[in-house]
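# Descriptive analysis of the structure
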Amino acid sequence: MGLLDAILGRSKPVRPDLDQLFAVPSAALTLQAATGFAPTGRGSVCFAGVEGGGFARLQEDVRELLDADTERGGIPVEFSRDAYGYTWLLATHPADDTASLVNDLHAVNTLLQDGGFGPHLLCSLIGFRHPADGRSLALVYLYKRGTFYPFAPLPGDAEKRDNPRELQVRGALGDDLRVEKDLSRWFPVWGGAGAVSP
């Protein structure tokens, strides 16, 4: 940071701490014990689409890396675009292998960041479902903040959230994850590439 930045009160953006993702497998156990929500084995990375050959090559590198185990029965990654123009990469693993899912999400974030596309990364989602009522939940990792928050859509077609449940999950995971304190940053992630579904 230069002298002018210090005088004007500007600061350099903090480099995201992607290693926060590695706390999710332990947090998943806490979440299941406290609330009953179990991992689905599905997770996704959301980023703003970028045009150009460099990004297309990087997207192919991501696909090759994550699809390396499809010969042994692994599920290929899926790319999709939502109604807002954001690109979603969906990774699927066995529901009891949250660690491998998190490794894949971390690898995607790292490849995009190291490829110079970090500013285009928005968030990562890890999906959960409650076995008793079938409701969905996602733990959302905000790339630029290095924090998590719960997103719990209510069942049905209306885009509504179960705020009490989100606050319950926040309370359960406060010791396991760096939970986003600013509730205004708990953005809805409708159409989160299969990681959550009402």
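Attention here is on the structure that accompanies the text. Quick caveat: nothing in here was measured; it's all calculated off a predicted structure.

Along the backbone of the protein there are five helices and six strands. Listed by position from the N terminus, the elements making up the protein come as α-α-β-α-β-β-α-β-β-β-α. Residues classed as buried in the protein amount to 44% of the 198 residues present. Taking contacts inside the protein between residues at least 6 apart in sequence as the whole, the part at least 24 apart equals 66%.

The next subject is the packing of aromatic side chains. Tallied over the entire structure, the rule returns three aromatic pairs. For the pair Y149 and W186, a centre-to-centre distance of 5.9 Å together with 15 degrees between the ring planes defines the contact as stacked. With Y149 in strand β6 (residues 147-151) and W186 in the segment after α5 (163-173), this pair connects stretches of sequence that are 37 residues apart. Note on F151 and W190: the rings are 5.1 Å apart at their centroids and 75 degrees apart in plane angle, and the pair reads as edge-to-face. One end of the pair, F151, is in strand β6; the other, W190, is in the segment after α5, with 39 residues separating them in the sequence. With respect to burial, F151 and W190 carry one shared label: buried.

What follows covers the nonpolar core. In this structure, F128, V140, L177 and V189 are the most contacted members of the largest nonpolar core, which totals 46 residues. Excluding anything up to four places from it in sequence, V140 contacts C123, S124, L125, T147, F148, Y149, F151 and V189.

This part is about the sheet that holds strand β1 (residues 38-48). Taken in spatial order, the six strands of this open sheet run β2-β3-β1-β4-β5-β6, and their pairing is antiparallel. Both outer strands of the open sheet, β2 (78-81) and β6, are each paired with one neighbouring strand and no more. Within this sheet the neighbouring strands show an average axis-to-axis angle of 25 degrees, counted without direction. Direction of pairing for β1 relative to strand β3 (residues 86-92): antiparallel, over a ladder of seven bridges. For R42, the partnering residue across the bridge sits in β3 and is T92. Against the sheet, helix α4 (residues 98-117) makes contact with β1, β3 and β4 (121-129), and its axis sits at roughly 10 degrees relative to β1, the strand it touches most. Contacts between α5 and the sheet are confined to β5 (136-142) and β6, with β6 contributing the most and set at about 140 degrees to the helix.

Our next topic: the pattern of salt bridges. For the coordinates displayed, the defined rule picks out six salt bridges. With a shortest N-O distance of 3.6 Å, D182 and R185 are connected by a salt bridge.

This brings us to the state of the cysteines. In protein chemistry, a disulfide is the covalent bond that joins the sulfur atoms of two cysteines. Taken as a whole and assessed by the stated rule, the structure comprises zero disulfides. As a non-bridged cysteine, C46 has C123 as the owner of its nearest cysteine sulfur, 4.8 Å distant. Judged by its relative accessible area of 3%, C46 falls in the buried class. For C123, a relative accessible area of 8% translates into the label buried.

Another point: the layout of surface pockets. By volume, the largest pocket amounts to about 370 Å³. Lining the largest pocket are 18 residues, and of these L122, C123, F187, P188 and V189 sit closest to its centre. Contributions of two or more residues to the lining of the largest pocket are made by β3 and β4. For the lining of the largest pocket, the element with the most residues is β4, which contributes three residues.

What follows is about the environment of L101. Position of L101 relative to the elements: it lies in helix α4. Residues L101 and R42, 59 residues apart in the sequence, show an inter-C-alpha distance of 7.3 Å. If we skip the residues at most four places from it in the chain, L101 touches G41, R42, G43, A91, H93 and I126.

This next bit is on the side chain of H106. Within the secondary structure, H106 sits in helix α4. Side chain to side chain, H106 and D19 meet in a polar contact 3.1 Å long. The contact partners of H106, leaving out residues within four places of it in the chain, are L18, D19, L21 and F22.

Thresholds, definitions, all that
- Residues numbered from 1 in each chain as written.
- Predicted model: local features only at pLDDT ≥ 70, side-chain atom pairs only at ≥ 80, totals over all residues.
- Heavy atoms only, no water.
- Helix = DSSP H or I, 4+ residues; strand = E, 2+ residues; numbered from the N terminus.
- Buried < 20%, exposed > 50% of the residue type's maximum accessible area, 1.4 Å probe, protein only.
- Contact = heavy atoms within 4.5 Å.
- Phe/Tyr/Trp six-rings, centres within 6.5 Å; stacked < 30°, edge-to-face > 60°.
- Core = buried A, V, L, I, M, F, W, Y, C linked by side-chain atoms within 4.5 Å.
- Pairing = 2+ DSSP bridges.
- Axes fitted to C-alpha atoms, helices over the stretch in contact; angles between N-to-C directions.
- Salt bridge = Lys/Arg side-chain N within 4 Å of Asp/Glu carboxyl O.
- Disulfide = S-S within 2.5 Å.
- 1 Å grid on protein atoms, 1.4 Å probe; cavity = no way out; pocket = protein on both sides within 12 Å on 5 of 7 lines; lining within 4 Å.
- Points joined across faces, edges and corners; volume = space filled by probe spheres on them.
- Polar contact = N/O pair within 3.5 Å; in protein donor to acceptor, adjacent residues only side chain to side chain.

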